[in-house]
Amino acid sequence: MGFLRWLAIVPAAIVTVVLFVLMMSLISEEFKPQDKLDLQSFEINPKVEDLKLLERETKITEIKKIETPPPPPQIERQKADRPAEPIASLEGAVPEFEAPEIDRSQFQITVSDRDAQPLVRIPPIMPPRAEKSGHCKVRFNVSPEGAPFDVVATYCTQSLFERPTVKSVQKWKYNPKIQDGRPVGRSGVESRITFRLADERGNVIPE
């Protein structure tokens, strides 16, 4: 082990001695100062020579005058001669017309027989206590003047629909029944009145 240690120390000592000798040789050389650098001068505001403007000589040729063409010849229009003869006017006389005599005793307007026909139907008012839709069946008579009377609700899904049904039918208007060309009363007319109740979304609530 001691022999190996000496083998490692000897090369290191040799390198150290060599470096020391080189340093001594460098130090022993005489110092030679460098030559002075030439000083250079700079102008802060150099004068710039004026640039010569090159002028281009152009010659303008004479402009030829353009002669306008003569206007087109005017064509003479022939004037219409005023007619010397007066304009004839056509006047016609209204022919006499006598209305024919009509015997009113023999003149009759006949109307074909027909049943009573509804003209105006006022919808009923929804009761505020109603919670769902419903309907009523009614029976009534129609007068020769076309007004319903003796209105009776024969059936209602809810009793609260009976009163507004009767009031609504009483305001209806009919074309009366015609029999032998004259208006007569009509009895036993039946109809159905529907009440439709909707929720907040617009959907109809069933009966």
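In this text, all values refer to a predicted model and were calculated from it rather than measured experimentally. (Residues numbered from 1 in each chain as written. Predicted model: local features only at pLDDT ≥ 70, side-chain atom pairs only at ≥ 80, totals over all residues. Heavy atoms only, no water.)

Draft legend 1. Quick look at the side chain of Ser-191. Mapped onto the fold, Ser-191 is located in strand 7 (residues 186-195). Beyond its immediate chain neighbours, meaning those up to four positions away, Ser-191 contacts Arg-121, Cys-136, Lys-137, Val-138, Phe-140 and Trp-172. (Helix = DSSP H or I, 4+ residues; strand = E, 2+ residues; numbered from the N terminus. Contact = heavy atoms within 4.5 Å.)

Draft legend 2. Expanded view of the pairing of strand 3 (residues 148-156). Here strand 2 (residues 134-142) pairs with strand 3 via 6 bridges, running antiparallel. The residue of strand 3 that forms the bridge with Cys-136 is Cys-156. (Pairing = 2+ DSSP bridges.)

Draft legend 3. View of the state of the cysteines. Applying the stated criterion across every chain yields a total of 1 disulfide. Between the sulfur atoms of Cys-136 and its disulfide mate Cys-156 the distance is 2.0 Å. Its S-S torsion of about 120 degrees marks the bond between Cys-136 and Cys-156 as right-handed, since a negative value means left-handed. Of this pair, Cys-136 sits in strand 2 while Cys-156 is found in strand 3, placing the two residues 20 residues apart along the sequence. As far as the burial class goes, Cys-136 and Cys-156 line up, both buried. (Disulfide = S-S within 2.5 Å. Buried < 20%, exposed > 50% of the residue type's maximum accessible area, 1.4 Å probe, protein only.)

Draft legend 4. Structural context of the pattern of salt bridges. Overall, the coordinates contain 2 salt bridges when judged by the stated rule. When the shortest N-O distance is used, the salt bridge between Arg-186 and Asp-115 registers 2.8 Å. Placement of the pair is Arg-186 in strand 7 and Asp-115 in the loop between helix 1 (2-28) and strand 1 (117-120), with a sequence separation of 71 residues. For Asp-115, a relative accessible area of 36% gives the class partly exposed. Across the salt bridge formed by Arg-139 and Glu-190, the nearest N and O atoms sit 3.1 Å from each other. Of this pair, Arg-139 sits in strand 2 while Glu-190 sits in strand 7, placing them 51 residues apart in sequence. Assessed through its relative accessible area of 40%, Arg-139 is described here as partly exposed. (Salt bridge = Lys/Arg side-chain N within 4 Å of Asp/Glu carboxyl O.)

Draft legend 5. Seen up close, the sheet that holds strand 2. With antiparallel pairing, the 3 strands of this open sheet are ordered in space as 3-2-7. Single-partner strands in this sheet number two, and they are strand 3 and strand 7. Across the sheet, the axes of successive neighbouring strands diverge by a mean angle of 25 degrees, strand direction being ignored. On the sheet, helix 2 (residues 162-170) packs against strand 2, strand 3 and strand 7 and is oriented at approximately 150 degrees with respect to strand 3. (Axes fitted to C-alpha atoms, helices over the stretch in contact; angles between N-to-C directions.)

Draft legend 6. Layout of the packing of aromatic side chains. Across all of its chains, the model carries 3 aromatic pairs by this definition. Ring-pair connections join several aromatic residues into one group, and the members of that group are Phe-140, Trp-172 and Tyr-174. (Phe/Tyr/Trp six-rings, centres within 6.5 Å; stacked < 30°, edge-to-face > 60°.)

Draft legend 7. Molecular detail of the environment of Thr-194. Locating Thr-194 in the fold gives a position in strand 7. Between the alpha carbons of Thr-194 and Pro-123 there is a distance of 8.8 Å; along the sequence they are 71 residues apart.

Draft legend 8. Looking closely at the nonpolar core. Core analysis: the biggest nonpolar cluster contains 18 residues, and Val-138, Phe-140, Phe-161, Val-169, Trp-172, Tyr-174 and Ile-193 have the highest contact counts within it. Those elements that provide at least two residues to this core are strand 2, strand 3, helix 2 and strand 7. Ranked by residues supplied to this core, first place goes to strand 2 with 4 residues. Discounting residues that sit within four places of it in the chain, Phe-161 has contacts with Met-126, Pro-127, Ala-130, Lys-132, Ser-133, Gly-134, His-135, Cys-136, Cys-156 and Phe-195. (Core = buried A, V, L, I, M, F, W, Y, C linked by side-chain atoms within 4.5 Å.)

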